[in-house]
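Chain residues, written in single-letter form:
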Amino acid sequence: MTRSNRLLNGQAIIALNQLKYEIANEFGVTLGAETTSRQNGSVGGEMTNRLVQLAESQMNKF
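Figured I'd write up the structure that's included with this text.

### Regarding the environment of threonine 30
- Considering the arrangement of structural elements, one finds threonine 30 in the loop between helix 1 (10-27) and helix 2 (37-60).
- Here threonine 30 falls in the exposed class, since its relative accessible area comes to 56%.
- Between the C-alpha atoms of threonine 30 and asparagine 40, which are ten residues apart in sequence, the distance is 8.3 Å.

### Quick word on the pattern of salt bridges
- Under the criterion given, the structure shown has two salt bridges.
- Of the charged contacts in the structure, one is a salt bridge between glutamate 26 and arginine 50, with a shortest N-O distance of 2.6 Å. Of this pair, glutamate 26 sits in helix 1 while arginine 50 sits in helix 2, placing them 24 residues apart in sequence.
- In this structure arginine 50 comes out as partly exposed when scored by relative accessible area, which is 23%.

### Looking at the nonpolar core
- Membership of the largest hydrophobic core is limited to six residues, which are Leu19, Ile23, Ala24, Val29, Val43 and Met47.
- Those residues within four positions of valine 43 in sequence are excluded, and the remaining contacts are Lys20, Ile23, Ala24, Phe27, Val29 and Leu31.

The rules behind the values
- Residues numbered from 1 in each chain as written.
- Predicted model: local features only at pLDDT ≥ 70, side-chain atom pairs only at ≥ 80, totals over all residues.
- Heavy atoms only, no water.
- Helix = DSSP H or I, 4+ residues; strand = E, 2+ residues; numbered from the N terminus.
- Buried < 20%, exposed > 50% of the residue type's maximum accessible area, 1.4 Å probe, protein only.
- Salt bridge = Lys/Arg side-chain N within 4 Å of Asp/Glu carboxyl O.
- Core = buried A, V, L, I, M, F, W, Y, C linked by side-chain atoms within 4.5 Å.
- Contact = heavy atoms within 4.5 Å.

Shown next, in the form of structure tokens:
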């Protein structure tokens, strides 16, 4: 079985990009090549944390 990080839903791409830039704004980070990997990574790490929290809250509803 082949693994892929490809998103199948176009709306998911839009939502993740919105979340990414929202978090970057909160952290005061301008995303891009001129930004350090630590700053860019902090945004990705926070995205992961929030998505895990969202999934856990959805699981607790059942």
